[in-house]
Amino acid sequence: MGSTYGVPVQGILVSTNSRLLFYGEVIKSMPVFVDIKYTDINRIEEKKMNYGLLKSIPAIIVSHKETETFTTQGNPDEFSKLKSFFELVKKKVASQQN
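Only a predicted model underlies this, so the values are computations on that prediction, with no experimental measurement involved.

Caption draft 1: Fine view of the pairing of strand S7 (residues 55-63). Taken across its nine residues, S7 has seven buried, putting it largely inside the fold. Counted between consecutive antiparallel strands, the loop separating strand S6 (residues 43-51) from S7 contains three residues, among which glycine 52 sits at a positive phi close to 75 degrees. Bridge analysis of S7 against strand S8 (residues 67-71) gives five bridges, and the strand direction is antiparallel. Looking across to S8, one finds that alanine 59 is bridged to threonine 71. Turn length for the S7-S8 hairpin, with the two strands adjacent in sequence and antiparallel, is three residues.

Caption draft 2: Region of interest: helix H1 (residues 76-97). Here H1 spans 31 Å end to end across 22 residues, near enough to the 32 Å set by a 1.5 Å rise per residue. Every buried residue belonging to H1 is among Phe79, Leu82, Phe86, Val89 and Val93, and all of these are buried. Buried residues of H1, seen end-on, are gathered within an arc of 75 degrees and therefore sit on one face of the element. Turned more than 90 degrees from where H1 packs its buried face, Asp77, Lys81, Leu88 and Lys91 sit exposed. Buried residues in H1 make contact with strand S3 (11-15), strand S4 (19-25), S6, S7 and S8.

Caption draft 3: Local environment of the pairing of strand S5 (residues 31-37). On S5, burial follows the alternation: Val32, Val34 and Ile36 on one face are buried, whereas Pro31, Phe33, Asp35 and Lys37 on the facing-out side are not. Between S4 and S5, which pair antiparallel one after the other, the connecting turn spans five residues.

Caption draft 4: Structural context of a nonpolar patch on the surface. On the surface, Val26, Ile27 and Met30 cluster together to form a nonpolar patch covering roughly 260 Å² of accessible area. Of note, isoleucine 27 is situated in the loop between S4 and S5. Judged by relative accessible area, isoleucine 27 falls into the partly exposed class, the value being 47%.

Procedures and definitions
Residues numbered from 1 in each chain as written. Predicted model: local features only at pLDDT ≥ 70, side-chain atom pairs only at ≥ 80, totals over all residues. Heavy atoms only, no water. Buried < 20%, exposed > 50% of the residue type's maximum accessible area, 1.4 Å probe, protein only. Helix = DSSP H or I, 4+ residues; strand = E, 2+ residues; numbered from the N terminus. Pairing = 2+ DSSP bridges. Expected span 1.5 Å × (residues − 1). Arc of directions from axis to C-beta. Contact = heavy atoms within 4.5 Å. Patch = residues over 30% accessible without salt bridge, like charges linked within 9 Å, V, L, I, M, F, W, Y side chains within 5 Å. Areas by Shrake-Rupley, 256 points an atom, 1.4 Å probe, with all protein chains shown as cover. Salt bridge = Lys/Arg side-chain N within 4 Å of Asp/Glu carboxyl O.

Structure below.
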């Protein structure tokens, strides 16, 4: 689940040798495509996001020219996979920026 400008979007998240890609659709006629070069990423961190009135869920925040959020809507097993995915992305980012 990605979030662009605060709108949650279910989609596909991919890591290449030089960038992070996300594709999803708000509705069929509204595709969302995010293309983030590793050299543009300032920080990747885990935070809690408000979800509903009284619940918070873990999320991964990717800071770059704009902030993008990636979450799994509170599923602990899926979030564990997302966290592992971003650990690999962090290593790629570090190698691109050195």
